[in-house]
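# Observations on the three-dimensional arrangement
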Amino acid sequence: AVERTLSIIKPDATRRNLTGKINARFEEQGLRIVAQKRLQLSRATAEKFYGVHAERSFFGELCDFMISGPVVVQVLEGENAVARNREIMGATNPANAAAGTIRKDFAESIEANSVHGSDSAENAATEIAFFFAQTEIVG
Ligand code: CMP
């Protein structure tokens with residue numbers, strides 16, 4: 001089925017001017033960017049977005065990193081978009097990411113791993129609504 005997923009191009013990638021190269025990966029592999037904006041996240045917004053990880057040891061560093069520079073938040077649309085995007089991104093830890101994936105080719109570390117993607121259709125709906133009004137998404 002055609003789905004939508006939330007993607008974030010993280011500060012390590014915007015800092016290295018990789019937005020276009022990452023977007024080309026999505027477009028070449030069957031996903032359409034139906035909403036996109038560049039933001040400087042506040043600490044409060046980062047902590048709220050990653051709230052499910054609040055008890056994890058890496059939560060503070062994760063939030064520090066996510067506010068260390070601009071991010072690009074996007075809605076990607078396509079057939080099985082949630083799973084498709086996870087394939088295109090590769091494993092969370094770039095050391096484990098398959099050849100040809102964004103994280104294998106661009107990520108610096110498990111924290112500075114260039115992109116975020118929703119991990120389920122249910123979380124995708126929540127994460128998309130966190131950043132976008134329906135009127136900002138044009139399919
Ligand atoms: P993301 O998909 O954005 O969701 C949570 C993020 O936490 C994850 O990608 C990683 O970038 C980050 N992170 C940092 N350290 C760790 C860790 N030790 N284990 C898992 N995720 C981590």
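Quick notes on the rules
Numbering of residues starts from 1 in each chain and follows the order in which that chain's sequence is written. Side-chain atom pairs in this predicted model are given and counted only at pLDDT of 80 or more, local residue features only at pLDDT of at least 70, and totals for whole chains, interfaces and linings cover all residues. Hydrogens are left out, water is left out, and the side-chain values use all remaining heavy atoms of the structure. UniProt positions are given in the numbering used here, feature names are shortened, and annotations may be inferred rather than shown by experiment. Secondary structure elements are defined from DSSP: runs of H or I of at least 4 residues count as helices, runs of E of at least 2 residues count as strands, and each element is numbered from the N terminus. Each polar contact in these results corresponds to two N or O atoms within 3.5 Å; when the atoms are within protein, one needs to be able to donate a hydrogen and the other to accept it, and residues that are neighboring in sequence are counted only if both atoms are side-chain atoms. Any two residues whose heavy atoms approach within 4.5 Å are treated as being in contact. Note: pLDDT gives the predictor's confidence per residue, expressed from 0 to 100. A molecule or strand has a residue near it when one of that residue's heavy atoms lies within 4 Å. Per-residue accessibility takes into account occlusion by the displayed protein chains alone, with areas from the Shrake-Rupley method and a 1.4 Å probe. Any residue that is not Ala, Val, Leu, Ile, Met, Phe, Trp, Tyr, Cys, Pro, Asp, Glu, Lys or Arg is counted as polar, Gly included; the first ten are nonpolar and the last four charged.

- As annotated in an unreviewed UniProt entry, the chain is Nucleoside diphosphate kinase from Stella humosa.
- Recorded in UniProt under Sequence similarities (unreviewed entry), the annotation for the chain is "Belongs to the NDK family."

### Some points on the side chain of Ser118
- Structurally, the position occupied by Ser118 is in the loop between β4 (115-117) and α7 (121-131).
- Here the side chain of Ser118 touches Glu127 through a polar contact of 2.8 Å, side chain to side chain.
- When near neighbours in sequence (up to four residues on either side) are disregarded, Ser118 contacts Thr5, Leu6, Val82, Arg86, Asn123, Ala124 and Glu127.

### Concerning the confidence of the model for the chain
- Mean pLDDT over the chain: 98, with 100% of residues reaching 70 or higher.
- Predicted as a complex, the structure gets a pTM of 0.98 and an ipTM equal to 0.93.

### Some points on the site of the ligand
- The ligand sits among Lys10, Tyr50, His53, Phe58, Leu62, Thr92, Arg103, Ile110, Glu111, Asn113 and His116.
- Contacts to the ligand include Ile110, whose backbone N or O atom sits 2.7 Å from an oxygen atom.
- Here Asn113 contributes a side-chain N or O atom positioned 3.2 Å from an oxygen atom of the ligand.
- When the free accessible area of the ligand is taken as 460 Å², the share hidden by the protein chains comes to 78%.
- A class-by-class count of the residues in the shell around the ligand yields 4 nonpolar, 4 polar and 3 charged.

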